[in-house]
Amino acid sequence: METIRTTEIGQHVGQRVRLRGWVHNLRLLGGVSFVVLRDGWGTAQGVTQDETALAPLTDAGLGMETVIELAGQVVAEPQAPGGVELHDLSIEVLTPVADPPPIPINKRQIKASLPTLLDHAVMANRHPARRAVFRLAAGTMAGFRATLGARGFTEIQTPKIVASATESGSNVFEIDYFGRPAYLAQSPQFYKQIMVGVFERVFEVGPVFRAEPHDTTRHVNEYVSLDVEFGFIEDHFTVMTTARDVIAGIIATLEDSYAAELDLLNARLPAVPAAIPHIHFADAQDLILQRHGVDVRGEPDLSPQDERWLAAWAQEEHGSDFLFVTGYPMSKRPFYTHPDPTRPGYSNSFDLLFRGVELITGGQRLHLYANYLDALARADYPVEPFETYLEAFRFGMPPHGGFAIGLERLLMQLLELPNLRLATLFPRDLNRVAP
RNA sequence: GGGCCCGUGGUGUAGUCGGCUAACAUACUGGCCUGUCAAGCCAGAGAUCGCGGGUUCGAGCCCCGUCGGGCCCGCCA
């Protein structure tokens, strides 16, 4: 007898097969009984009019989430969900479960507050709708890798334990590294730039750690960063073109291979324009004054409200869920940011807004050693902690740039979730380090 | 770090100008039920209303404190 997945059952009509999984639901109607089995991919239904077939469950007082092997004859039956079901059942209990789960996971929707859901994420993540979110996370990473791989990018893994709190200093987690201080990497930025000197084009999928005490629906303290960096660019617009293609590649991957999950979650996939509209930071501020009468000119950054306004404008003016904002002021960007050679004070950097939330930050980096020395001096940083980083520039780096996508941000916006934590398997935030 | 708000059975809620034996849904237990698919119907068990103190004849409800949590802003992906 062949052991199959629930999602394959339609291909086995007429055969006797075995499924393995969890008791997702049990409906005893008197003369007829249904057992819904959930495996790692989906659910399938077994039917019996012989109550002794369910005896291994019912006699032992077992309930939901009991792990079983369910064998039966695959029958096409219009009344069955999906049109196919198992008859002539035999059940073997692999792992008995008698206690009810802390939150029901066999209802269409989970009825639990966010804290309860996160407290029981171990169980909540078994729910088909929750699980679909994380299957889409896998699809996003797969699409990211496929798109970049096809363009000659090499995947790298850079260290997450680093020696110096380099980029901005305050927002890193310090750890005890055999008696010396070390830090959890807040970004693979320096290493991915260094690796441009090795592979020319690199990308990384990995965790980053931010010790910021922010407490919002769109921040956590550990998240997955989809990082890209590559050489021989013209300027940040070259980087933006690649960023656009990567987003389009991810969306296409989801559309092609994750239809069931998208459907289950009622996802509204965005159209990715051939060229995503872009607006300069200074023009964006003018636009906000013009459209909303709020003068944010002189502010060094856009507020969340500003970003929502700009997103609304991009939607009206260009019919786009995406908008690049370019040329952020140098003062708000890290020291390695390449300045705009034609516009002092502004940078060759960009953010990508997706449905009103920052999804990507990127830009052109400095590539000349001398410029790095100047930039560090201007930022009042000592050179010593940066010496390994600077070695790359002393010995020749091409004009280069890159960007980073927040994986959970992408999912949150894609699925229109009200909280980033709902796109995170086991979120780490200001007051949660478990489960 | 600043501001606003919320803690009631396992879970989600109602009850909050003080007067209940704390209500409803779901989950759970038992019974009925031959096509369920958020199964249905009947019955049952399950909460000293986050914790501590105070006001009062009387506190889930008012006051103070404390703990836990949520949202917005700052900051960022």
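Residues numbered from 1 in each chain as written. Chains lettered and ligands numbered in written order. Predicted model: local features only at pLDDT ≥ 70, side-chain atom pairs only at ≥ 80, totals over all residues. Heavy atoms only, no water.

Draft legend 1. Highlighting the sheet that holds strand β16 (residues 357–365). Spatial ordering of the open sheet is given by β7-β11-β12-β17-β16-β15-β14-β13, a layout of 8 strands whose pairing is mixed. A single partner strand is all that each edge strand has here, and the edge strands are β7 (154–155) and β13 (278–280). Packed on one face of the sheet, helix α6 (residues 236–257) meets β12 (222–231), β13, β14 (322–326), β15 (349–354), β16 and β17 (400–406) and runs near 35° to β17. In the packing of helix α12 (residues 407–415) onto the sheet, contacts are made with β12, β15, β16 and β17, and the angle to β17 comes to roughly 55°. (Pairing = 2+ DSSP bridges. Helix = DSSP H or I, 4+ residues; strand = E, 2+ residues; numbered from the N terminus. Contact = heavy atoms within 4.5 Å. Axes fitted to C-alpha atoms, helices over the stretch in contact; angles between N-to-C directions.)

Draft legend 2. Broad picture of the packing of aromatic side chains. Enumeration over the complete set of coordinates arrives at 19 aromatic pairs. For the ring pair F335 and Y389, a centre distance of 6.4 Å and an interplane angle of 85° mean the geometry is edge-to-face. Of this pair, F335 sits in the loop between β14 and β15 while Y389 is found in helix α11 (residues 387–394), placing the two residues 54 residues apart along the sequence. Overall, the relative accessible area of 9% leaves F335 in the buried class. Residue Y389 is classed as buried on the basis of its relative accessible area of 3%. Between Y372 and Y389, the ring centres sit 5.6 Å apart and the planes meet at 85°, which makes this aromatic pair edge-to-face. One end of the pair, Y372, is in helix α10 (residues 369–378); the other, Y389, is in helix α11, and 17 residues separate them in sequence. One aromatic cluster in this structure is built from F190, F335, Y336, Y372, Y381, F386, Y389 and F393. Directly above the ring of Y346 sits R343, whose terminal nitrogen or CZ lies 4.8 Å from the centroid. (Phe/Tyr/Trp six-rings, centres within 6.5 Å; stacked < 30°, edge-to-face > 60°. Buried < 20%, exposed > 50% of the residue type's maximum accessible area, 1.4 Å probe, protein only. Lys NZ or Arg CZ within 6 Å of the ring centre and 35° of its normal.)

Draft legend 3. Representation of the protein's contact with RNA strand B. Around RNA strand B sit 48 residues, and of these Q79, P81, K111, R218 and N419 come closest. Counting only the atoms of RNA strand B within 4 Å of the protein, the fraction contributed by sugar and phosphate is 56%. Y223 is positioned such that a nitrogen or oxygen atom in its side chain is 3.3 Å from a base nitrogen of RNA strand B. Within the side chain of T361, one N or O atom sits 2.9 Å away from a phosphate oxygen of RNA strand B. The element best represented in the surface near RNA strand B is β16, accounting for 4 residues. Across the surface near RNA strand B, the residue classes tally to 17 nonpolar, 16 polar and 15 charged. (Near = heavy atom within 4 Å. Polar contact = N/O pair within 3.5 Å; in protein donor to acceptor, adjacent residues only side chain to side chain. Nonpolar A, V, L, I, M, F, W, Y, C, P; charged D, E, K, R; others polar.)

Draft legend 4. Main features of unusual backbone geometry. At the junction of A434 and P435, the peptide bond is cis and its omega measures out at 0° in the coordinates. In this structure, P435 sits in the segment after α12. Within the chain, E200 stands out as a residue other than glycine whose phi angle is a positive 75°. Along the chain, the position of E200 falls in the loop between α5 (189–199) and β11 (201–209).

Draft legend 5. Representation of α5 within the structure. Residues of α5 that are buried include every one of Q189, F190, K192, Q193 and V196, and no others. Where α5 is buried, its residues meet β11, β12, β16, α10, α11 and β17.

Draft legend 6. Just the packing of α5 against α11, in detail. Relative to each other, α5 and α11 sit at 25°, their axes nearing to 9 Å. Comparing their axes, α11 and α5 come out roughly parallel. Here α5 runs over α11; the crossing is left-handed. Across the interface between the two elements, F190, Q193 and I194 of α5 pack against T388, Y389, A392 and F393 of α11. In terms of residue class, the contact of α5 with α11 is built from 5 nonpolar, 2 polar and no charged. (Parallel < 35°, antiparallel > 145°, perpendicular 65-115°, else oblique. Left-handed = near helix turned anticlockwise from the far one by under 90°.)

Draft legend 7. Expanded view of the domain arrangement of chain A. What the domain assignment lists for chain A is domain 1 (2–95) and domain 2 (123–423). Domain 1 and domain 2 are separated by 46 Å when their C-alpha centres are compared. Opposite the 8 residues of domain 1 that make contact, domain 2 presents 5 residues. Here domain 1 meets domain 2 over a buried area of about 480 Å², counting both sides, of which 40% is carbon and sulfur. It is R38, G40 and E65 that lose the most area in domain 1 upon contact with domain 2, and together they represent 59% of the buried surface on that side. Inspection of the domain 1/domain 2 interface yields 1 salt bridge. Residue E65 pairs with R126 through a salt bridge whose shortest N-O separation is 2.9 Å. At the junction of domain 1 and domain 2, the tally comes to 3 residue pairs in polar contact (both at pLDDT 80 or more). (Domains from an automatic or database assignment. Buried area = accessible area lost by both parts, 1.4 Å probe. Salt bridge = Lys/Arg side-chain N within 4 Å of Asp/Glu carboxyl O.)

Draft legend 8. Structural detail: helix α8 (residues 281–292). Relative to the 16 Å expected for 12 residues at 1.5 Å per residue, α8 spans 16 Å between its end C-alpha atoms, a close match to the ideal helical length. Inspection of α8 places F281, A282, A284, Q285, L287 and I288 among the buried residues, and these make up the whole buried set. Where α8 is buried, its residues meet β13, α9 (304–318) and β14. A positive backbone phi angle near 70° is found at G293, which sits one or two residues after α8. (Expected span 1.5 Å × (residues − 1).)

Draft legend 9. Spotlight on the sheet that holds strand β8 (residues 161–162). Pairing is antiparallel across the open sheet formed by 3 strands, whose spatial order is β8-β10-β9. Pairing within the sheet leaves two strands with one partner each, and these edge strands are β8 and β9 (174–177). Where β8 and strand β10 (residues 180–184) come together, 2 bridges link them in antiparallel fashion. When the bridges of β10 are listed, V162 appears paired with Y183.

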